[in-house]
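Observations on the model geometry
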Amino acid sequence: MLIDNTSIAIVGGGPAGLTLARLLQLKNANVKVYERDPNKNARVQGSPLDMHENSGLSALRKADLLEEFKKTFRPGADKTLIMNEQAEIFFSDHELKPEEDFGAEHFRPEIDRGPLRNMLLESLHPETVVWDSHFLSMEARQGGWILHFKNGTSAYADLVIAADGAHSKIRPYLTEMKPIYSGIIMLEGNVSKEAAPHIDALIKGGKIMAFGNSKNILLGQKGNGDLGFYASFKADENWSVHSGLDFSDKMQVLKWFKTEYSEWNSIWDELFENAQTPFIPRPIYSMPLNQSWETKPNLTLLGDAAHVMPPFAGEGANMAMLDSLELSECLTNHTYSTLQEAISAYEIKMRKRAGIATQESLENGERMHSEKALVSMLKFFNGHITS
């Protein structure tokens, strides 16, 4: 194989980086994952992910992890309520949703990020992940790269693969193109179901999408019962600074919510007045649709580092895991004569595919934050269920 006798460094231990490591180890590759977290329990993992048949699930199937995934995913967590700002239900598939199973085109099983990450971690050889490895810089050396980390250590790799997220520190070594702000802020919060009993009684383990006055509230129930939620709205890129809010102060954030979402029913208040702090403001970015760069023989990107996109089509993690699948296949088959040729084939296909998904995500974001958002989303969901 092209990667025989090749040391591979994957920088970033999210779903994409860990999936790639698993796929490469199945081909006996020499791979290390450098992750900035001090250990696997260092961060609370975010909202659940839905896996798609032709991307995320395909990668898990190739990684021989589908049966493990079936033990871990959350049946029913994909069931959805669409509501207006008054918490009136306009759509529910809790009763209408057809019974689907693995292999069905529209089946999108949900899994919490923590269990997904643990499943991937446990599939790797011992000591594959080098924790507490916060990437700082790297320099070309002997056809490969010397990587430098915040803890003072360094490591050499013949091939570096950046899986270090939307604000990748490795991306500038390959291209000057940067993410573009989408115009949308998502203010993230988390609350226990006991602290939000009215919302918990509505969501029933699934999702809620509420639309009104060009703003959203988006919720998903986690495996432990907590409600992960987002207030999603259009604002300046630097809103979090200009707002003057202390995101560790629930009363401040609640007052802001009551002002900015003044038309919304008071049932939503319990999310903000009882949330765990701090809230996290997340400006939503995407890569340019027509990005390109000159392929290198010893460096490439995947996931958000390559093509961060808004979350409004549910494609980000799925595209990232498909990146891992396609890159692993390019690196381990016998079609290409050089690493540069294999990486180029992956990058050309990846950029085209990601551009399409990004366009869909951007269009959905505009649709979801328009004055007619409720009507548009009802049309979409009703068409999906009857198709």
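To be clear, the structure that these remarks concern was listed above.
Residues numbered from 1 in each chain as written. Predicted model: local features only at pLDDT ≥ 70, side-chain atom pairs only at ≥ 80, totals over all residues. Heavy atoms only, no water.

**A word on the overall build of the protein**
Going by this rule: Helix and strand assignments come from DSSP, with helices taken as H or I runs of at least 4 residues and strands as E runs of at least 2, each series counted from the N terminus. Taken over C-alpha atoms, the radius of gyration is set against a globule rule of 2.2 Å times the number of residues to the power 0.38. Only protein chains enter the accessibility calculation, which uses a 1.4 Å probe. A residue is then buried if its area is under 20% of the maximum for its type, exposed if over 50%, and partly exposed in between. Whether two residues are in contact is decided by their heavy atoms, any of which lying within 4.5 Å being enough. Only the protein chains shown count as cover for residues, and all accessible areas are computed by the Shrake-Rupley method using a 1.4 Å probe. The charge count includes Lys and Arg as positive and Asp and Glu as negative, but it does not include His or the ends of the chains. Here the site of a charge means NZ on Lys, CZ on Arg, CG on Asp, or CD on Glu.
When helices and strands are tallied, the protein shows 12 helices and 17 strands. For a compact globule of 387 residues, the expected C-alpha radius of gyration is about 21 Å, and the protein comes in at 21 Å, within 12% of that figure. In the protein, which comprises 387 residues, the proportion classed as buried is 54%. Across the protein, contacts joining residues at least 24 apart in sequence account for 72% of those joining residues at least 6 apart. Carbon and sulfur atoms make up 49% of the accessible area of the protein, which amounts to about 17300 Å² in all. Looking at charge distribution, the protein has the averaged site of its 39 positive side-chain charges lying 2 Å from that of its 51 negative ones.

**Looking at the pairing of strand β8 (residues 135-141)**
Note the cut-off: At least two DSSP bridges between two strands are required for those strands to pair.
Across six bridges, the pairing between β8 and strand β9 (residues 144-149) is antiparallel. Directly across from Ala140, in β9, lies its bridge partner Trp145. Once β8 ends, the chain turns through two residues before running back antiparallel as β9, passing Gln142 with a positive phi of about 55°.

**Examining the nonpolar core**
Heads up, the rule is: Each nonpolar core is a collection of buried residues, namely Ala, Val, Leu, Ile, Met, Phe, Trp, Tyr and Cys, held together in the definition by side-chain atoms within 4.5 Å.
Of all hydrophobic cores here, the largest spans 71 residues; its most connected members are Phe69, Leu147 and Val160. Examining the composition of this core, we find that nine residues originate from one element, helix α10 (residues 316-332), more than from any other. If we ignore the near neighbours within four places in the chain, the residues touching Phe69 are Met51, Leu57, Leu60, Phe102, Pro109, Ile111 and Met119. Counting 37 residues, the second largest nonpolar core, distinct from the first, contains Met83, Leu219, Ala235 and Leu271.

**Topic: unusual backbone geometry**
That bond from Thr277 to Pro278 is cis: its omega, 5°, falls within 30 degrees of zero. Among the structural elements, Pro278 can be located in strand β16 (residues 276-286). In this structure, Glu127 takes a positive phi of about 70° despite not being glycine. Tracing the sequence through the fold places Glu127 in the loop between α4 (113-122) and β7 (129-130). What makes Glu127 exposed here is its relative accessible area of 61%. Although it is not a glycine, Asp132 adopts a positive phi angle of roughly 55°.

**Digging into the pattern of salt bridges**
Convention followed: Salt bridges are identified by distance alone: a Lys or Arg side-chain nitrogen within 4 Å of an Asp or Glu carboxyl oxygen.
On inspection of all chains with the given rule, the structure shows 16 salt bridges. A network of salt bridges, in which partner residues are shared, links Asp323, Glu326, Lys349 and Arg353.

**Description of the sheet that holds strand β10 (residues 154-157)**
Rules: Axis definition: a line fitted to C-alpha atoms, limited for helices to the stretch in contact. Angles are taken between N-to-C directions and run from 0 to 180 degrees.
Strand order in this open sheet of three strands is β8-β9-β10, and the pairing throughout is antiparallel. Where the open sheet ends on each side, the last strands, each with one partner, are β8 and β10. If you compare each strand with its neighbour and ignore which way they point, the axes differ by 25° on average.

**Considerations on helix α1 (residues 15-25)**
Judged by how many residues are buried, α1 sits mostly within the fold: 10 of 11 residues are covered. Burial in α1 covers these residues: Ala16, Gly17, Leu18, Thr19, Leu20, Ala21, Arg22, Leu23, Leu24 and Gln25.

**Some words on the packing of aromatic side chains**
Keep this limit in mind: The criterion for an aromatic pair is that two Phe, Tyr or Trp rings (for Trp, the six-membered ring) have centres within 6.5 Å, with stacked assigned to planes under 30 degrees apart, edge-to-face to planes over 60 apart and tilted to the rest. Note on criteria: charge over ring means Lys NZ or Arg CZ within 6 Å of the ring centre, with the direction from the centre no more than 35 degrees off the ring normal.
With the rule as written, the count across this model stands at 19 aromatic pairs. Seen in terms of ring centroids, Phe233 and Trp239 are 5.1 Å apart; in terms of plane orientation they differ by 75°. Their pairing is edge-to-face. Classification of Phe233 as buried rests on a relative accessible area of 5%. Given a relative accessible area of 12%, Trp239 falls into the buried group. Linked through ring pairs, Phe229, Phe233, Trp239, Phe247, Trp256, Phe257, Tyr261, Trp264, Trp268, Phe272 and Phe279 together constitute an aromatic cluster. Cation over ring: Lys215 sits above Tyr261, and NZ or CZ is 5.9 Å from the ring centre.

Just distances and angles here, no functional claims.
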